[in-house]
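Remarks on the overall topology
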Amino acid sequence: MKKFRGIWVAAALLLAAVLGGCQRRPLEDAFHTSLKVIIKCLWSVEMYPDGIKPTGVTFYIFRDGQFYSSITTANVDSCEVQLPEGSYRLYMISQSPQEYWKMEFANMTDFNGAETTLRTKSTPSWVSSRAGSGSDTVVENPEILYAGVSENFEITEEMTEEYQYHYSILKSLQSKAAGGTKAGTKADEELAYYTEKVEYYTIRVNLKPQNIVSQLWITIYSGNADVLKSVRASTSGMARTFELTRFTTNDDEAIQIISEWKLTMDDTDRRVGHLDGLINSFGLPGGERPSAVRDSTLNVSALLVDDATVADYTFSVGDKIELLSPNPGYFNLYRLVFGSVDNPAITPPDVQPSGGGGFTAGVTDWGDEIQADIPI
């Protein structure tokens, strides 16, 4: 039957060439042993934190366990490909590796080895002298990146033959209709029948993209909070590499910088407030969950309102990190809280203002004229 089916396909393709008035070409050029596959990305609002889909995606297709091809497209909802007989699996990322400047990609043609790594950045002196335990590599904070992995799917020789047989007849009927051949009820029924058959033998592969990036949210309660002018911090023992098809981090460690902070006064009479710092992160290395055996630190420097005093604080992180339900569109939320309104974690020296403005959210280029080291 397989043999006769192949004869029917070849005959139908030859008939399509004759009836459609197409340019003549060798029959083997028109005969394809492939099948249409529609790759669909199932986006939902909660998947992307900024409420906007990416403007492109890249698919990496693997056949019989080996890399087969990759496709970068602006069609982020659906993409059509023709694939021959084989056993398949694929994964996707948003955009393409060339469009990310804070991350670099490796082993993208190895399904189990595909990964993205945070790029290194120049190390400020205030970080290098107080890096803490683990790797002393300072890295960029990651950009938003979506990834998705398909289930395995199979394309057999019989499936390609069935698809090509019905597809060739459909093209012939469409060509006749386009050429002005008088249509009728029977012709319409045939067209509908073969259209349905082609759709039936088309494979649809669904992927659910997910943002692989997590957030690290740090809160520090402070006495004398009104003397704080600017804050900068670094935390050691953070993940540097994310494995794209395994959806976990590997053992690489790095230091991340928290440069944007917000000061909120909780008790003006007692001068108690809290600092909030929030960054993007891959989370903890090795797919870890918070644990007492983690030997990581948070180093914080605060420039005070006299524009001269810099108060330094060192926090042991360990198992103080809580893993909470993520904010919409993120992978995880790592939460660190030091102190409370009733028991502030830090109390910087009560200095007099130099006449400058209030608290600055971002890091400015301030030096270390006077140190007030207060380990916590």
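In this report, we go over the structure that sits alongside the text. Every value quoted in this text rests on a predicted model; they were computed, and no experiment measured them.

This next bit is on the pattern of salt bridges. Opposite charge on two side chains permits them to pair, given that their charged atoms come into close proximity. Throughout the structure, instances matching the rule amount to eight salt bridges. Of the charged contacts, one joins R119 and E104 as a salt bridge, the two residues approaching to 3.3 Å between their closest N and O atoms. Pair noted here: R119 is in the loop between β7 (115–118) and α3 (125–128) and E104 is in strand β6 (residues 103–106), with a separation of 15 residues, a long-range link. Residue R119 is classed as partly exposed on the basis of its relative accessible area, which comes to 31%. Classification of E104 by relative accessible area gives partly exposed; the value is 34%. In this structure, R204 and E199 form a salt bridge, with 2.5 Å as the shortest nitrogen-oxygen distance. Judged by its relative accessible area of 41%, R204 falls in the partly exposed class.

With that settled, consider the packing of aromatic side chains. All told, the structure shown has 18 aromatic pairs when counted by the stated rule. Ring plane angle 90° and centroid distance 5.0 Å describe the contact between Y193 and Y194, whose orientation is recorded as edge-to-face. For the ring pair F242 and F331, a centre distance of 5.7 Å and an interplane angle of 90° mean the geometry is edge-to-face. Here F242, found in strand β14 (residues 241–243), pairs with F331, found in the loop between β21 (322–324) and β22 (333–338); they are 89 residues apart in sequence, far enough to count as distant. Each member of the pair, F242 as well as F331, carries the same accessibility label: buried. In textbook terms, an aromatic cluster arises when at least three aromatic residues are bridged by ring pairs, as seen for Y60, F62, F67, Y91 and F111.

Turning our attention to the sheet that holds strand β4 (residues 78–84). Reading across from one edge, β4-β1-β10 is the order of the three strands in this open sheet, with mixed pairing throughout. The sheet is open, and its two edges are formed by β4 and β10 (203–207), each paired on a single side. Strand-to-strand twist of the sheet, defined as the mean angle between neighbouring strand axes without regard to direction, takes the value 30°. Relative to β4, strand β1 (residues 34–41) is paired through seven bridges, and the arrangement is antiparallel. Among the inter-strand pairings, K36 is bridged to a residue of β4, identified as Q82. Taken strand by strand, helix α4 (residues 157–178) contacts β1, β4 and β10, and its axis lies near 95° from that of β1.

Turning next to the nonpolar core. Formed by 31 residues in total, the largest nonpolar core has its most connected members in V37, W43, F59, L90, F153 and I155. The element contributing the most residues to this core is α4, with five residues. With residues up to four places along the chain from it excluded, the contact list for L90 reads I39, F59, Y60, I61, F111, G148, V149, S150, F153, V205 and L207. Grouped together as the second largest cluster of nonpolar side chains are 29 residues, V227, M238, I346 and V351 included.

Before going further, it helps to examine the pairing of strand β8 (residues 146–149). Pairing between strand β5 (residues 86–94) and β8: three bridges, direction antiparallel. The residue of β8 that forms the bridge with Y91 is V149. In terms of strand pairing, β8 meets strand β11 (residues 210–211) through two bridges, oriented antiparallel. Across the sheet, A147 pairs through a bridge with Q210, a residue of β11.

Definitions and cut-offs
- Residues numbered from 1 in each chain as written.
- Predicted model: local features only at pLDDT ≥ 70, side-chain atom pairs only at ≥ 80, totals over all residues.
- Heavy atoms only, no water.
- Salt bridge = Lys/Arg side-chain N within 4 Å of Asp/Glu carboxyl O.
- Helix = DSSP H or I, 4+ residues; strand = E, 2+ residues; numbered from the N terminus.
- Buried < 20%, exposed > 50% of the residue type's maximum accessible area, 1.4 Å probe, protein only.
- Phe/Tyr/Trp six-rings, centres within 6.5 Å; stacked < 30°, edge-to-face > 60°.
- Pairing = 2+ DSSP bridges.
- Axes fitted to C-alpha atoms, helices over the stretch in contact; angles between N-to-C directions.
- Contact = heavy atoms within 4.5 Å.
- Core = buried A, V, L, I, M, F, W, Y, C linked by side-chain atoms within 4.5 Å.

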